[in-house]
Amino acid sequence: MKLNILILLLVVASLNVFSQIKEENNENIHFAIIEKVPVYPGCNSKNNTRLKKCVSEKIQEYVSKNYNISIIQNSGLKSGNHKILVSFKINKKGKTVDIKAKGSIPELEIEAIRVVNSLPIMEPGIHKGKKVNVLYSLPIKIQGAM
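Note that this is a predicted model, so its numbers are computed, not measured.

K.L.:
I would appreciate a short explanation of the environment of S87 in the present structure.
P.N.:
Inspection of the secondary structure assignment puts S87 in strand β2 (residues 82–90). Apart from the residues within four sequence positions on either side, S87 is in contact with D98, I99, K100, Y136 and S137.

Written as structure tokens, this is what we have:
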């Protein structure tokens, strides 16, 4: 009898954990469909479409200014065209987290992660009236001779 009660308690606890995980996954909304995007410092439109454009431009501008392309020269990498796809979340506190980079050269991925991690804190995104994690993808292209 005690064993049956313990198993029942474990099953109930497991169901509770799975429902929490499901709820958390619903709190990850992609930038393209969120009702109110995270607000990058300096962006202040009430129109969500304009705000999305401003946030995207500011993130691209920041990465462009802060990405250390001399890594290509300093590490002996071939100059030319290099692409890195960075994905991350802007969490409920406005901080960039869960940063992942995918490219053909690990040194460039590491630099992309460093730069995205240093983005300023933003106002968090809002969906259905509550703060959510916002999924964002950023392609980085480094072109030309260094």
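Still more ground to cover, so stick around.
K.L.:
Help me understand the packing of aromatic side chains in this model?
P.N.:
Two aromatic rings are characterised by how far apart their centres lie and by the angle between their planes. Enumeration according to the criterion identifies 2 aromatic pairs in this entry. Where F31 meets Y136, the ring centres are 4.8 Å apart and the plane angle is 80°; that geometry is what we call edge-to-face. Highlighted residues: F31 in the loop between β1 (28–30) and α2 (48–66) and Y136 in strand β5 (residues 130–142), separated in sequence by 105 residues. When sorted by exposure, F31 lands in the same class as Y136, which is buried. Ring geometry for F88 against Y136: centres 5.3 Å apart, planes inclined by 35°, an arrangement best described as tilted. Placement of the pair is F88 in strand β2 and Y136 in strand β5, with a sequence separation of 48 residues. Take Y136: its relative accessible area is 5%, and that puts it in the buried class. Through a chain of ring-to-ring contacts, the aromatic side chains of F31, F88 and Y136 assemble into a single cluster.

K.L.:
In this structure, what is going on with the environment of I29? I would like to understand it.
P.N.:
For I29, the position within the fold is in strand β1. Here I29 falls in the buried class, since its relative accessible area comes to 10%. In this structure the C-alpha to C-alpha distance between I29 and V132, which are 103 residues apart in sequence, comes to 6.9 Å. If we ignore the near neighbours within four places in the chain, the residues touching I29 are I34, H127, V132, N133, V134 and L135.

K.L.:
Mind showing me how you'd approach unusual backbone geometry here?
P.N.:
Backbone phi values are negative for most residues with the exception of glycine, while trans is the configuration of most peptide bonds. A positive phi is found at D98, a non-glycine position, where the angle reads about 50°. Looking at the element boundaries, D98 is found in strand β3 (residues 96–103). The phi dihedral of K128 is positive, around 55°, even though this residue is not glycine. Relative to the helices and strands, K128 is located in the loop between β4 (125–127) and β5.

K.L.:
What is the right way to look at the packing of α2 against helix α4 (residues 106–117) in this model?
P.N.:
When two helices pack together, their arrangement is given by the angle between their axes and by how far apart the axes lie. At a minimum axis separation of 10 Å, α2 and α4 run at an interaxial angle of 125°. Relative to α4, the element α2 is oriented oblique. In this structure, α2 meets α4 at a crossing whose hand is right-handed. Together, Y62, V63 and N66 of α2 and E111, R114, V115 and V116 of α4 make up the contact between the two elements. Here the contact of α2 with α4 is built from residues that sort into 4 nonpolar, 1 polar and 2 charged.

K.L.:
Help me understand the pairing of β5, please; the structure alone is not making it clear to me.
P.N.:
Two faces, one strand: in a regular strand the side chains alternate between the faces of the sheet. In this sheet, β5 lies alongside β1 in parallel orientation, the contact comprising 3 bridges. Considered in β5, the bridge of H30 is made with L135. Sheet topology places β2 next to β5; 9 bridges connect them, and they run antiparallel. Considered in β5, the bridge of V86 is made with L138. Judged from the 3 bridges that link them, β4 and β5 form a sheet pairing that is antiparallel. Looking across to β5, one finds that G125 is bridged to V132.

Criteria and cut-off values
- Along every chain, residues carry numbers that run from 1 in the direction the sequence is written.
- For this predicted model, a pLDDT threshold of at least 70 governs which residues receive local features, and a threshold of 80 or more governs which side-chain atom pairs are given and counted, while totals over whole chains, interfaces and linings are taken from all residues.
- Each side-chain value is derived from all of the structure's non-hydrogen atoms; neither hydrogens nor water enter the calculation.
- Comment: elements are numbered from the N terminus, with helices defined as DSSP H or I runs of at least four residues and strands as E runs of at least two.
- What makes two residues a contact is simply this: any of their non-hydrogen atoms within 4.5 Å.
- Each Phe, Tyr or Trp ring, with Trp reduced to its six-membered ring, pairs with another whose centre is within 6.5 Å; inter-plane angles below 30 degrees give stacked pairs, above 60 give edge-to-face pairs, and intermediate values give tilted ones.
- For every residue, the accessible area obtained with a 1.4 Å probe (protein chains only) is divided by the maximum for its type, and the residue is called buried under 20%, exposed over 50%, and partly exposed between those limits.
- What counts as an axis is a line fitted to C-alpha atoms, over the stretch in contact for a helix, and the angles between N-to-C directions run from 0 to 180 degrees.
- Working definition: roughly parallel below 35 degrees, roughly antiparallel above 145 degrees, roughly perpendicular at 65 to 115 degrees, and oblique for all remaining angles.
- Note on convention: near helix rotated counterclockwise from far helix by under a right angle means a left-handed crossing. Clockwise means right-handed.
- When residue character is reported, Ala, Val, Leu, Ile, Met, Phe, Trp, Tyr, Cys and Pro are called nonpolar, Asp, Glu, Lys and Arg charged, and the others, Gly included, polar.
- At least two bridges found by DSSP between two strands are what make those strands a pair.

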